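Secondary and tertiary structure notes
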There are 2 protein chains.
Amino acid sequence: MTGRDGGADIGPIGNSPVVILVRPQMAENIGTTARAMANGGLFHMRIVAPRDGWPQERAWRAASGADRILEAAEVFETVDDAIADLHHVYATCPRPRHIVKPLLTARGGAIELREATNRGLKVGLMFGPERAGLDNEDMARADALIRYPLNPAFMSLNLAQAVMIMAYEWWLTEDSTPPRELMTNETHVATKGELENFMSHLFRELDDCGFLRNEQKRPGMVRNLRHFFTRGEVTEQELRTLHGVVTELVNRRRVR
Amino acid sequence: MTGRDGGADIGPIGNSPVVILVRPQMAENIGTTARAMANGGLFHMRIVAPRDGWPQERAWRAASGADRILEAAEVFETVDDAIADLHHVYATCPRPRHIVKPLLTARGGAIELREATNRGLKVGLMFGPERAGLDNEDMARADALIRYPLNPAFMSLNLAQAVMIMAYEWWLTEDSTPPRELMTNETHVATKGELENFMSHLFRELDDCGFLRNEQKRPGMVRNLRHFFTRGEVTEQELRTLHGVVTELVNRRRVR
């Protein structure tokens with residue numbers, strides 16, 4: 001998964017935002033950035049004036065298999081060169097600046113980038129050097145700034161972490177996974193009839209062993225057990241296990 | 001910002017989800033995880049059976065100032081011990097499993113954790129060891145699994161990156177930053193009157209220099225310039241600059 005030959009198949013590469021790393025310092029961060037990009041489906045990297053030159057072996061070692069992104073990365077001397085063929089460029093900006101500029105959240109930015117991409121425009125996302133961030137000249141070339149909503153008391157964000165959040169938000173703009181679902185695999189969510197069948201079995205045995213002998217309390221106790229068993233989804237397979245549990249406990253009692 | 005004495009003020013620490021690192025291997029990853037937690041306002045770390053023992057200097061060096069989280073971290077021998085006082089526990093699970101369990105997105109999980117926390121419940125988020133992830137016994141102790149929607153062709157996620165996404169989503173559950181706004185600082189968005197005032201100045205000078213001399217084309221040309229100047233918000237300060245630009249260009253012409 002590492003080394004200059006090979007790397008993982010990172011999926012189909014389409015028209016996605018170009019990630020522009022401006023004057024990055026550490027080759028390792030360029031590698032971890034490539035990994036984060038692959039996680040979120042961003043495949044185009046441009047590097048402006050990397051401090052230690054390019055290519056650098058340490059980037060490949062840190063990329064955990066996202067080699068294709070590093071191999072296709074383009075190097076430019078200036079931001080102007082790197083963005084010349086793009087239609088929209090957004091700049092990430094962790095610290096407040098005293099400028100007049102549209103300011104977006106990560107989510108807001110990702111949605112706008114997706115909309116522009118869907119219109120066939122080429123868009124870019126600029127990230128500044130590790131310590132200083134983008135300078136005022138870089139920022140003046142961007143259409144808008146993106147600032148992540150994060151703990152204002154602790155904003156220190158690693159370069160790859162910053163890229164990860166935008167890559168994640170980019171992926172989400174086309175994701176439709178339901179926020180919650182029950183994985184059931186081979187079995188299925190039990191129907192009310194299947195559940196009732198189990199509860200009847202349970203109540204029958206509880207009557208038989210005397211647990212429900214108090215006539216006055218019986219309806220309430222039965223209802224409480226119903227409340228418990230209807231609180232979450234249960235699968236048909238789990239009901240079969242529960243039938244077995246009841247049967248076995250009863251048999252053990254009878255043996256004794 | 002580093003070292004065992006001090007660290008940054010990371011903000012007020014309330015009832016937020018406990019991050020449970022199960023059998024983590026690299027102390028450095030525990031440190032970068034603390035940093036990611038601080039970014040998103042997660043302050044409570046528990047560590048189950050860390051491979052190389054605890055505390056470890058390398059964690060502090062990697063935490064970029066999130067020392068308070070490391071100093072308050074609690075160590076446990078088993079997952080059962082680490083979760084005994086919690087009410088809900090969610091487990092992150094990158095790979096599909098063959099189990100019957102509710103499956104949430106990162107966002108869905110963060111919202112449910114926030115709701116439970118708001119009800120006064122103590123909740124936890126389990127993350128597995130770097131390579132293998134959580135095992136089946138760990139997973140059986142969780143109320144639900146969380147799987148991030150990310151590029152299925154490249155799911156390799158660093159531990160701190162995985163924590164970063166949940167920390168970010170946790171922070172977002174209480175964030176109300178507008179997705180787009182114009183930072184204007186000392187100035188303000190220009191009113192239509194202020195804009196009209198500038199455009200009149202421009203058209204007057206364009207009439208004067210003959211640029212709009214074609215009577216038939218004049219209305220269309222004026223409208224096109226209006227379309228351009230109304231496309232985005234402009235500030236009162238920028239209009240003053242533009243007035244100056246027009247005046248100076250005119251003066252230069254007159255001098256020539």
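Just above sits the structure.
A brief structural summary. (Residues numbered from 1 in each chain as written. Chains lettered and ligands numbered in written order. Predicted model: local features only at pLDDT ≥ 70, side-chain atom pairs only at ≥ 80, totals over all residues. Heavy atoms only, no water.)

Here we take up the packing of aromatic side chains. Per the counting criterion, the structure on display carries six aromatic pairs over all chains. Note on Phe228(A) and Phe229(A): the rings are 5.1 Å apart at their centroids and 75° apart in plane angle, and the pair reads as edge-to-face. Taking the centre distance of 5.3 Å and the plane angle of 75° together, the rings of Phe198(B) and Phe229(B) count as edge-to-face. Taken as a pair, Phe198(B) in helix α8 (residues 192-209) and Phe229(B) in helix α9 (residues 218-229) lie far apart in primary sequence, 31 residues in all. Residue Phe198(B) is classed as buried on the basis of its relative accessible area of 2%. (Phe/Tyr/Trp six-rings, centres within 6.5 Å; stacked < 30°, edge-to-face > 60°. Helix = DSSP H or I, 4+ residues; strand = E, 2+ residues; numbered from the N terminus. Buried < 20%, exposed > 50% of the residue type's maximum accessible area, 1.4 Å probe, protein only.)

A few words on the interface of chain B and chain A. At the interface, 64 residues of chain B touch 64 residues of chain A. Surface buried jointly by chain B and chain A totals about 5,000 Å² across both partners, of which 56% is contributed by carbon and sulfur atoms. Counting the surface chain B buries against chain A, the share from its top three residues, Phe154(B), Tyr168(B) and Met183(B), is 16%. Taken together, chain B and chain A are joined by four salt bridges. Among the salt bridges present, the one from Glu169(B) reaches Arg107(A), with a minimum N-O distance of 3.5 Å. Taken together, the links from chain B to chain A amount to 25 residue pairs in polar contact (both at pLDDT 80 or more). Where the side of chain B that touches chain A is concerned, the elements lending two or more residues are α1 (27-40), β5 (101-104), α5 (106-118), β7 (144-146), α7 (159-172) and β8 (180-183) of chain B. It is α7(B) that contributes the most residues to the side of chain B that touches chain A, eight residues altogether. Taken together, the residues of the side of chain B that touches chain A break down into 33 nonpolar, 18 polar and 13 charged. Sheet analysis places strand β5 (residues 101-104) of chain A next to β8(B), joined by four bridges and oriented antiparallel. Its bridge partner lying in β8(B), Lys101(A) is registered against Met183(B). (Contact = heavy atoms within 4.5 Å. Buried area = accessible area lost by both parts, 1.4 Å probe. Salt bridge = Lys/Arg side-chain N within 4 Å of Asp/Glu carboxyl O. Polar contact = N/O pair within 3.5 Å; in protein donor to acceptor, adjacent residues only side chain to side chain. Nonpolar A, V, L, I, M, F, W, Y, C, P; charged D, E, K, R; others polar. Pairing = 2+ DSSP bridges.)

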